[in-house]
There are 2 protein chains.
Amino acid sequence: MAQQERAIRTRRMILQGAAEVFDEFGYDAASIKEILSRVEVTKGALYFHFPSKEALARGVIQEQTLHLRVAENASKLQELVDITMAVAHVLPEDAMLRAGIRLAVERGSVDFGDSNPLLAWTEVLGALAEQAKQQGELLPQVDPMETTELIVSSFPGITLYSQVAAGLADVERRVSVLWQHLLPSIATPSVLARLDTAPGRGARALLSVGEAGGESAE
Amino acid sequence: MAQQERAIRTRRMILQGAAEVFDEFGYDAASIKEILSRVEVTKGALYFHFPSKEALARGVIQEQTLHLRVAENASKLQELVDITMAVAHVLPEDAMLRAGIRLAVERGSVDFGDSNPLLAWTEVLGALAEQAKQQGELLPQVDPMETTELIVSSFPGITLYSQVAAGLADVERRVSVLWQHLLPSIATPSVLARLDTAPGRGARALLSVGEAGGESAE
């Protein structure tokens, strides 16, 4: 048991170091040597968990969608909003999420196929959109997956724009602007009136960051 | 005069070759040698027009916003829609526009600063949004620049998602979906009822591709 916990902690440390390096250098220029220089694990331990750079990138991609938890909400549309606002809230300080975005947008030498971060996020957020639809929160013409793909598509460019314009300082405001524009076309009027999309929403809805990875490693 | 025309043609050929190489390799891996291997110009001619790889990238960024022309429209909001739909229409066959997107999203070793493609497109599309606002086409609460930045932000991710999901085959549909979601929050009801955002709109509105660069070179 103690051994298993140690393995989980080691795996998480490696992924954290890998995320920092992918965020800083991009996939092609990242090296396992650089990752090892930042993490207190042996080369053998790293290769035991992740046999290649590609495995490390796939690990980071899988980890980032489990990376933060927000409070459950009776409104699944609010929960969907909350995840995006919480991601925006932690992004300036969080290499794991920034690495995911960088791996999503850079056409490096590896095609991540079904592990592409855009598809991984669509799965997570799409499930909430489907639930919102079933609960009658969405307007009748809304296709939950089509809308989810649009939201996921908007995210990398919003963070890039925020990076260029303000060093990520205004990314929460920009995600809030996205929702203000989209929600009137998505939510039923009674749901729309109750949704919180203010820039401070991410901090209020966030429960934890960086703790889910352990469970996912089992 | 003939000499000036020749210079413009040469400049355009170089930018086309550079766009192909930036699109294929990204900024960091692109080389002037590779560009020269695709364009029938001498090394001296290339360096006369563009003294460095960075100058070539800035040339491509500047060129892409002038790269296509759409029909003028009494509705400036329709004209804004038309530019985005025309970009989506030509994108699968157009290295210049794809290169602009790739230079926008990849954090290479150079910071393009004010020449960043996101900012360049915001200037072009923002002018139309401001005109639309002045003409009373936009709802009172709409901030034309905020909305323009959101549209520009959405674009790279939409093309990335289309690339991953369908090799760019559905990018027109995805831009159409963006407009269907945004326009009810942007346009006054009477304007909204008349706007054409169908996936075929880009082909209908497009006047020319790749001809504006000549004038911009003077």
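Residues numbered from 1 in each chain as written. Chains lettered and ligands numbered in written order. Predicted model: local features only at pLDDT ≥ 70, side-chain atom pairs only at ≥ 80, totals over all residues. Heavy atoms only, no water.

A short note on the interface of chain A and chain B
At the junction of the two partners, chain A supplies 32 residues and chain B supplies 32 residues. When chain A packs against chain B, the two sides together hide about 3,000 Å² of surface, and 58% of this comes from carbon and sulfur. Area buried by chain A at its contact with chain B is led by Arg107, Tyr161 and His181 of chain A, which between them contribute 26% of it. Taken together, the links from chain A to chain B amount to four salt bridges. (Contact = heavy atoms within 4.5 Å. Buried area = accessible area lost by both parts, 1.4 Å probe. Salt bridge = Lys/Arg side-chain N within 4 Å of Asp/Glu carboxyl O.)

Quick word on the UniProt feature "DNA-binding region" (unreviewed entry) in chain A
When the UniProt feature table is mapped onto this chain, "DNA-binding region" (unreviewed entry) is found at residues 31–50 of chain A. Helix makes up 70% of residues 31–50 of chain A and strand 0%. Its end C-alpha atoms lie 13 Å apart. (UniProt positions renumbered as here; feature names shortened; annotations may be inferred. Helix = DSSP H or I, 4+ residues; strand = E, 2+ residues; numbered from the N terminus.)

Describing the pattern of salt bridges
Taken as a whole, this structure holds 30 salt bridges over all chains when the rule is applied. Of the charged contacts in the structure, one is a salt bridge between Lys76 of chain A and Glu79 of chain A, with a shortest N-O distance of 2.7 Å. In this pair, Lys76 of chain A and Glu79 of chain A are both assigned in helix H5 (residues 76–90), three residues apart and thus about one turn of the helix distant. Residue classification places Lys76 of chain A among the buried residues on the basis of a relative accessible area of 9%. By relative accessible area, Glu79 of chain A is classed as buried at 10%. The closest approach of N and O atoms between Asp196 of chain B and Arg201 of chain B, which form a salt bridge, is 3.3 Å. Residue Asp196 of chain B shares its accessibility class with Arg201 of chain B, and that shared class is buried. (Buried < 20%, exposed > 50% of the residue type's maximum accessible area, 1.4 Å probe, protein only.)

Comments concerning the side chain of Gln78 of chain B
All names here are of chain B. Position of Gln78 relative to the elements: it lies in helix H5 (residues 76–90). Residue Gln78 is classed as buried on the basis of its relative accessible area, which comes to 5%. Among the polar contacts made by the side chain of Gln78, one reaches the main-chain amide nitrogen of Asp196 at a distance of 2.8 Å. If near-sequence neighbours (up to four positions away) are discounted, Gln78 is found in contact with Asn73, Arg194, Leu195, Asp196 and Arg201. (Polar contact = N/O pair within 3.5 Å; in protein donor to acceptor, adjacent residues only side chain to side chain.)

Considerations on the relation of the copies chain A and chain B
With an RMSD of 0.0 Å, chain A superimposes on chain B once it is rotated by 180° and translated 0.0 Å along the axis. What the rotation and shift describe, once combined, is the action of a two-fold rotation axis. Taking C-alpha positions as the reference, the residue of chain A nearest the rotation axis is Ser154 of chain A, at 2.1 Å. Interface overlap between copies: 100% of the residues of chain A at the interface are likewise at the interface in chain B, consistent with a symmetric, same-surface contact. (Least-squares fit on C-alpha atoms with pLDDT ≥ 70 in both.)

Some points on the packing of aromatic side chains
All names here are of chain A. In the structure shown here, the tally under the stated rule is two aromatic pairs over all chains. Ring geometry for Phe22 and Tyr27: centres 5.8 Å apart, planes at 15°, overall stacked. Judged by relative accessible area, Phe22 falls into the buried class, the value being 0%. Of note, Lys53 hangs over the ring of Tyr27, and the distance from its end group to the ring centre comes to 4.7 Å. (Phe/Tyr/Trp six-rings, centres within 6.5 Å; stacked < 30°, edge-to-face > 60°. Lys NZ or Arg CZ within 6 Å of the ring centre and 35° of its normal.)

Remarks on helix H6 (residues 95–105) of chain A
For an α-helix, 3.6 residues make a turn, and residues three or four places apart therefore share a direction. Residue and element names in this part refer to chain A. For H6, a buried count of 11 out of 11 residues is recorded, marking the element as mostly surrounded by other parts of the structure. The set of residues buried in H6 consists of Ala95, Met96, Leu97, Arg98, Ala99, Gly100, Ile101, Arg102, Leu103, Ala104 and Val105. With a side-chain oxygen positioned 3.0 Å from the backbone nitrogen of Met96, the residue opening H6 is Asp94.

Concerning helix H8 (residues 144–166) of chain A
All names here are of chain A. With 23 residues, H8 should reach 33 Å at 1.5 Å per residue; the first-to-last C-alpha distance of 32 Å fits that figure. In terms of residue burial, H8 counts as a mostly covered element, since 17 of its 23 residues are buried. Count one or two residues on from H8 and you reach Gly167, which has phi positive near 55°. (Expected span 1.5 Å × (residues − 1).)

Quick word on the domain arrangement of chain A
By convention, interface size is frequently given as the accessible area that disappears when the constituent parts associate. Residues and elements named next belong to chain A. Each domain of chain A was delimited in the assignment, giving domain 1 (2–63) and domain 2 (68–208). Centre-to-centre separation of domain 1 and domain 2, based on C-alpha positions: 26 Å. Opposite the 17 residues of domain 1 that make contact, domain 2 presents 16 residues. For the domain 1 and domain 2 pair, buried surface summed over both sides reaches about 1,400 Å², with 66% attributable to carbon and sulfur atoms. On inspection of domain 1 and its partner domain 2, the count reaches one salt bridge. Counting across the domain 1 and domain 2 interface gives three residue pairs in polar contact (both at pLDDT 80 or more). Those elements that provide at least two residues to the side of domain 1 that touches domain 2 are helix H1 (2–29) and helix H4 (53–65). When residues of the side of domain 1 that touches domain 2 are assigned to their parent elements, the largest contribution, 11 residues, is made by H1. For the side of domain 1 that touches domain 2, a count of residues per class yields eight nonpolar, two polar and seven charged. (Domains from an automatic or database assignment. Nonpolar A, V, L, I, M, F, W, Y, C, P; charged D, E, K, R; others polar.)

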